[in-house]
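Architecture and fold: a report
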Amino acid sequence: MGRRILVTSALPYANGPIHLGHLVEYIQTDIWVRFQKMSGHDCLYVCADDAHGTPIMLKARELGQTPEELIAAVRAESRAGFCSLRHRL
């Protein structure tokens, strides 16, 4: 058995939509993790949004929402975008 590896991507703030920069990192990380698994390593890839902090609070205030409402809206938008992308491939 190879090494045990835990991998994550930089966690984007949940105060705006996913953009090309995020996707490039996710794709690069996915390729690296798949390579590690093919090389016999136990590799776990975890990713999420950073849904805490000042950027969330300020963006929610700007939009007249609670931070929880903003995070839910960004999550739904991101999920729809990723699902749309997956169906195109």
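The paragraphs below set out a description of the structure included in this document. (Residues numbered from 1 in each chain as written. Predicted model: local features only at pLDDT ≥ 70, side-chain atom pairs only at ≥ 80, totals over all residues. Heavy atoms only, no water.)

Attention now moves to the pattern of salt bridges. Overall, the coordinates contain three salt bridges when judged by the stated rule. Salt-bridge contacts for Arg4 lead to Asp42; the nearest nitrogen and oxygen are separated by 3.6 Å. Here Arg4, found in strand 1 (residues 4-8), pairs with Asp42, found in strand 2 (residues 42-46); they are 38 residues apart in sequence, far enough to count as distant. Of the charged contacts, one joins Glu62 and Lys59 as a salt bridge, the two residues approaching to 3.5 Å between their closest N and O atoms. Pair noted here: Glu62 and Lys59 are both in helix 2 (residues 54-63), with a separation of three residues, about one helical turn. Among the residues examined, Glu62 registers a relative accessible area of 59% and is labelled exposed. (Salt bridge = Lys/Arg side-chain N within 4 Å of Asp/Glu carboxyl O. Helix = DSSP H or I, 4+ residues; strand = E, 2+ residues; numbered from the N terminus. Buried < 20%, exposed > 50% of the residue type's maximum accessible area, 1.4 Å probe, protein only.)

As paired strands, strand 1 and strand 2 are joined by five bridges and run parallel to one another. Residue pairing across strands places Ile5 opposite Cys43, the latter belonging to strand 2. Following the backbone out of strand 1, through helix 1 (residues 20-38) and into the adjacent parallel strand 2, one traces a crossover that is right-handed. (Pairing = 2+ DSSP bridges. Right-handed = clockwise from strand over helix to strand, strands pointing away.)

This next bit is on the nonpolar core. Residues Ala14, Ile56, Ala60, Leu70 and Val74 constitute the largest nonpolar core, which totals five residues. The set of elements that each furnish at least two residues to this core consists of helix 2 and helix 3 (67-88). Ala14 has contacts with Asp49, Asp50, Ala51, Ile56, Leu70, Ile71 and Val74, leaving out every residue within four places of it along the chain. (Core = buried A, V, L, I, M, F, W, Y, C linked by side-chain atoms within 4.5 Å. Contact = heavy atoms within 4.5 Å.)

A word on the environment of Thr29. If you trace the backbone, Thr29 turns up in helix 1. Taking the C-alpha atoms as reference points, Thr29 and Thr8, separated by 21 residues in sequence, lie 7.9 Å from one another. Not counting chain neighbours up to four residues away, the residues in contact with Thr29 comprise Val7, Ser9 and Tyr45.

Keep in mind that these numbers describe shape and distance, not what the molecule does.
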